[in-house]
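Results of the structural survey
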Amino acid sequence: MRQRPTADELQRACDAFNSLAPVGTKLHICKGVLHDRDAKWIDSEVAAPGAYVMGGHSAVVKVPGDSIALTHVEIAATV
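A brief look at the structure comes next. Since this is a predicted model, take the numbers as computed values, not measurements.

This next bit is on unusual backbone geometry. The residue after Ala-48, namely Pro-49, is reached through a cis peptide bond having omega 10°. Residue position: Pro-49 is located in the loop between strand E2 (40-45) and strand E3 (51-54).

Inspection of the secondary structure assignment puts Ser-67 in strand E5 (residues 66-69). A polar contact of 2.8 Å, which involves the side chain of Ser-67, links it to the side chain of Tyr-52. If near-sequence neighbours (up to four positions away) are discounted, Ser-67 is found in contact with Tyr-52, Met-54, Val-60, Val-61 and Lys-62.

Take the sheet that holds E5 next. The 3 strands lie next to each other as E3-E4-E5, forming an open sheet whose pairing is antiparallel. The sheet is open, and its two edges are formed by E3 and E5, each paired on a single side. Across the sheet, the axes of successive neighbouring strands diverge by a mean angle of 45°, strand direction being ignored. In this structure, strand E4 (residues 58-63) lies alongside E5, joined through 4 bridges in antiparallel fashion. Of the residues in E5, the one forming a bridge with Val-60 is Ala-69. Helix H1 (residues 7-20) rests against E3 and E4 of the sheet, and its axis sits at about 160° to E3.

Parameters at a glance
- Residues numbered from 1 in each chain as written.
- Predicted model: local features only at pLDDT ≥ 70, side-chain atom pairs only at ≥ 80, totals over all residues.
- Heavy atoms only, no water.
- Helix = DSSP H or I, 4+ residues; strand = E, 2+ residues; numbered from the N terminus.
- Polar contact = N/O pair within 3.5 Å; in protein donor to acceptor, adjacent residues only side chain to side chain.
- Contact = heavy atoms within 4.5 Å.
- Pairing = 2+ DSSP bridges.
- Axes fitted to C-alpha atoms, helices over the stretch in contact; angles between N-to-C directions.

Listed below in structure tokens is the structure:
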């Protein structure tokens, strides 16, 4: 069984995400179950404060009106 990430691991994931996607970066976010063929992907952007550890147990990123798990976020390609 996979162990839950430590607080330090979660913070490192947030720091890495924030270095790649500062506030204002365009994102694709999954609103639903990942890998479900009916999952809905929508466009959004990083809002302040960016990625952070929520409640000591989840790495999330702030988007307008919500916080989304980093596992459910893709940084949009820039051209």
